[in-house]
Amino acid sequence: MKLERKHALVLLAVAVWNVVTYAQFTKALVQTEEDRPTGYFVAHGVLIVVNLLIAVVLGRWGLQALRAQRAGR
C-alpha cells in the first residue's frame, strides 16, 4: 500500500497529539498529591510509555511517507 501525503499528515498529527496529551497527563500524574497505591502509578506510567512509543512509530511512518512521496516526484 502506498501512503499519500494526506495519510502522512494524519500520522504526524496523531503522533503530535499523543505527545502533547501524554505530556500533560505525565505532568498531572507527577503533581498528584493524593495517596495512591503504587500500582496506580505503575499502570499509568506504562500507559504513558506505550503511548509515547506509539507516537514515535506513527511519527516515523509519517516522515517516511512524506520523504517517499517527495522522492517520487
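In this numbering scheme, every chain counts its residues from 1 along its sequence in written order. Local features in this predicted model are restricted to residues whose pLDDT is 70 or higher, and side-chain atom pairs enter the listing and the counts only when it is 80 or higher, whereas totals over whole chains, interfaces and linings include all residues. Hydrogen atoms and water are omitted, and side-chain values are computed over all heavy atoms in the structure.

1. Some remarks on the overall build of the chain
Stage number 1. Along the backbone of the chain there are two helices and zero strands.
Stage number 2. The C-alpha radius of gyration computed for the chain amounts to 16 Å, which surpasses the reference 11 Å derived for 73 residues by more than 25%, pointing to a less compact arrangement than a globule.
Stage number 3. Principal axes of the C-alpha set define a box for the chain whose edges measure 55 × 15 × 15 Å.
Stage number 4. Throughout this description, buried means an accessible area under 20% of the type-specific maximum (1.4 Å probe, protein chains only), exposed means over 50%, and partly exposed covers the range between. The proportion of buried residues among the 73 residues of the chain is 21%.
Stage number 5. When checking whether two residues touch, look at their non-hydrogen atoms; a contact exists if any pair is within 4.5 Å. Pairs at least 24 residues apart make up 74% of the contacts formed inside the chain by residues separated by at least 6 positions.
Stage number 6. The accessible surface values rely on the Shrake-Rupley method and a 1.4 Å probe; as for residues, cover is taken only from the protein chains in view. Taken as a whole, the chain presents about 5,700 Å² of accessible surface, with 65% of it coming from carbon and sulfur.
Stage number 7. Between the averaged position of the 9 positive side-chain charges in the chain and that of its 4 negative side-chain charges there is a distance of 26 Å. The secondary structure listing takes helices from DSSP runs of H or I that are at least 4 residues long and strands from runs of E that are at least 2 residues long, numbered from the N terminus. Radius of gyration: C-alpha atoms only; globule rule: 2.2 Å multiplied by the number of residues to the exponent 0.38. Note on charges: Lys and Arg go in the positive column, Asp and Glu in the negative column, and His and the chain ends are not counted at all. Charge coordinates come from a single atom per side chain, which is NZ of Lys, CZ of Arg, CG of Asp or CD of Glu.

2. Quick word on the pattern of salt bridges
Stage number 1. The salt bridge definition used is simple: a Lys or Arg side-chain nitrogen within 4 Å of an Asp or Glu carboxyl oxygen. Per the counting criterion, the structure on display carries two salt bridges.
Stage number 2. Across the pair Arg36 and Glu34 runs a salt bridge, and its minimum N-O distance is 2.6 Å.

3. Here we look at the environment of Val16
Stage number 1. By secondary structure assignment, the location of Val16 is in helix H1 (residues 5–30).
Stage number 2. Considering only alpha carbons, one finds Val16 and Gly59, 43 residues apart in sequence, at a separation of 7.7 Å.

It is worth stressing that arrangement in space is one thing and function is another; only the former is reported here.
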